[in-house]
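As a plain string of letters, each chain reads:
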Amino acid sequence: MAETVCMTIAIYTSDLNEDNGHLMPWRTVLEVAAHFIRLRQNAIVLSGCQNQNAPSWQKNGVLIKSIQKPYNRAGFKMLADICRDENIKVMYWPLDWKIPQTSVLQLENVGLRIIWYVPGAYYHFSHVLKAIPYIGFAAAMPYLVQTLMPKRYYVRQLLKNGVRPLIMMSEYSRTMIIKVGYPEKYVFHIPPGKPFLDISNDKSSIFDEIKHRIGGRPYFLFFGPPQAIRGIIQMLLAFKHVARNNTDVCLVCLFRSDKGLVSASLRARIQDMNLEDRIFCAWDSVSQSDLDFFLLNCYVVLKPFLLVPSEIPLAVIETAGHGKPVISTGPDGTGVFAAQFGIMVPPANAKALATAMLKLLNDKQLYKNKCNVATQVYADHPTWEAVANQWLRIADLH
């Protein structure tokens, strides 16, 4: 009797490597693939990159294979060969809002079924314009291209080429694509899963050091890379206003030291504010357990994005898991989600950000309500296993 060969499910992404796998949207890809395997499916992640000869690697039991980005004949041949060799029958393929690149559909002629997912957020032209003075025209260009793409034409091209079904990471993005003509029955909202909170009993030296310097005062918390797109300049201006009449409040910034990031100008700016007894910064990435200590003890988390890099960052879900309110920007998928347990302000608006900070400082009942809602939002949010099951269900595999 011939041996039965099990089919493989693949998720394609671009530029995934061992340094960025903890970031969105790659984290979603890796978590979903890992839970496919735990649900007894054969799964592999294909990462399109410039160097297709990069070695394969594994994370959480998932094989990540680097391949040439399939934008030409050679790239498509390589992809087709991998699909044959790995017996891939279902492929989850990313779709961005800029250009309806659907040429991969030609692989359906050789028996590959494609499920589409959109990892990126839906942006508004006015928000991108506000961000340009802070992040620069070159950095804003990908977002501008997305906003300038005629959305109804975009959807017509998707439908003409047979792009369905489609997974969106937020209900907001799902609503927006339906508004411009995509059939409601073919588009599904599946958010990123919630991280499992395993609070360590070990001590945190960086937390203990900053806690000692804070001396029991309440603090706002920012954590993330020291990039302008994160709204850091607006946050500092807002805090300066808040600190003027609230002498017991502090700001803690846990800046990620990602490769290639330069923080010298930001360090100088913070030093020039003359608030060294009120603003406390960690300039090297902290561990997850260290971050948990800061989240557990903070007053409010600040996420004042100029533009949200991806849909519903895990940092926002983590904040809810620790029962803390968040102040962020909107409207977008992240804004709609975070508004349940926080306050949303317009992007690049330091005055509105300061007003929101003061509101949560002064209105204790509002603060308590937001904390309670945060805890409930986290409790109701799907786990990664539930998210993986939903991805499989859309492919009729569960």
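Up top is the structure these notes are about.
Everything numeric in this text was worked out from a predicted model, so none of it was measured. (Residues numbered from 1 in each chain as written. Predicted model: local features only at pLDDT ≥ 70, side-chain atom pairs only at ≥ 80, totals over all residues. Heavy atoms only, no water.)

## Regarding the pairing of strand β13 (residues 326-329)
Counted only if it meets this: Residue exposure (1.4 Å probe, protein chains only): buried if accessible area is under 20% of the type maximum, exposed if over 50%, otherwise partly exposed. Strands are runs of DSSP state E lasting at least 2 residues, helices are runs of H or I lasting at least 4, and numbering of each runs from the N terminus. Being paired, for any two strands, means DSSP has found at least two bridges between them.
In β13, alternate side chains face the same way, and those of Val-326 and Ser-328 on one face and Ile-327 and Thr-329 on the other are all buried. Here strand β12 (residues 300-303) runs beside β13; their pairing, made up of 3 bridges, is parallel. Considered in β13, the bridge of Val-301 is made with Val-326. Relative to strand β14 (residues 342-345), β13 runs parallel, the two being bridged by 4 bridges. Bridging from a neighbouring strand, Val-326 pairs with Gly-342 of β14.

## A few points about the sheet that holds strand β6 (residues 113-118)
Keep this limit in mind: Here an axis means a line fitted to C-alpha atoms, over the contact stretch when the element is a helix, while the angle between two N-to-C directions is reported on a 0 to 180 degree scale.
The mixed open sheet is built from 8 strands, whose spatial order is β3-β4-β2-β1-β5-β6-β7-β8. If you trace the sheet from one side to the other, it starts and ends with β3 (57-59) and β8 (187-189), each paired once. Ignoring which end each strand starts from, the neighbouring axes of this sheet average 30° apart. Bridge analysis of strand β1 (residues 8-14) against strand β5 (residues 88-94) gives 4 bridges, and the strand direction is parallel. In the sheet register, Ala-10 faces β5, and the bridge partner there is Met-91.

## A short note on empty space enclosed by the protein
How we decide: Of the grid points, spaced at 1 Å and generated over the protein atoms alone, those admitting a 1.4 Å probe that cannot get out make up cavities, while open sets with protein on both sides within 12 Å along at least five of seven lines make up pockets; any residue with an atom within 4 Å of a point is treated as lining. Grid points are joined across faces, edges and corners, and a volume is the space filled by probe spheres set on the points. Only Asp, Glu, Lys and Arg are considered charged in this grouping, and only Ala, Val, Leu, Ile, Met, Phe, Trp, Tyr, Cys and Pro are considered nonpolar; every other residue, Gly among them, is considered polar.
Applying the stated rule across the entire model yields 2 cavities of 30 Å³ or more. Its volume calculated, the second largest cavity comes out at about 40 Å³. Along its surface, the second largest cavity is lined by Gln-234, Pro-304, Leu-306, Thr-329, Val-345, Pro-346, Pro-347, Ala-348, Asn-349 and Leu-353. Considering only residue class, the lining of the second largest cavity consists of 7 nonpolar, 3 polar and no charged.

## Considering the sheet that holds β14
Put simply, the test is: The contact criterion used is simple: two residues touch if any of their non-hydrogen atoms lie within 4.5 Å.
Pairing is parallel across the open sheet formed by 6 strands, whose spatial order is β11-β10-β9-β12-β13-β14. Lying at the two open borders of the sheet, with one neighbouring strand each, are β11 (279-282) and β14. For this sheet the average axis-to-axis angle between neighbouring strands, irrespective of direction, equals 20°. Alignment of strand β10 (residues 250-255) against β11, held across 4 bridges, turns out to be parallel. Pairing of Leu-251 across the sheet is with Ile-279, part of β11. Strands β9 (219-224), β10 and β11 of the sheet are contacted by helix α7 (residues 205-214), whose axis makes an angle of about 170° with β11.

## So, the side chain of Ser-328
Defined as follows: Counted as a polar contact is a pair of N or O atoms within 3.5 Å, where, for protein atoms, one must be capable of donating a hydrogen and the other of accepting one, and residues adjacent in sequence contribute only when both atoms are in side chains.
Mapped onto the secondary structure, Ser-328 falls in strand β13. There is a polar contact of 2.7 Å between the side chain of Ser-328 and the backbone oxygen of Lys-303. Residue contacts for Ser-328: discarding those within four places in its chain leaves Lys-303, Phe-305, Ile-343, Met-344 and Val-345.

## A few points about unusual backbone geometry
With an omega of 0°, the peptide bond running from Met-24 to Pro-25 counts as cis. The topology assignment puts Pro-25 in the loop between β1 and α1 (26-38). Note that the residue after Arg-164, namely Pro-165, is joined by a cis bond; omega there is -5°. With a phi close to 50°, Asn-60 is a non-glycine residue in the positive phi region. Relative to the elements of secondary structure, Asn-60 occurs in the loop between β3 and β4 (62-68).

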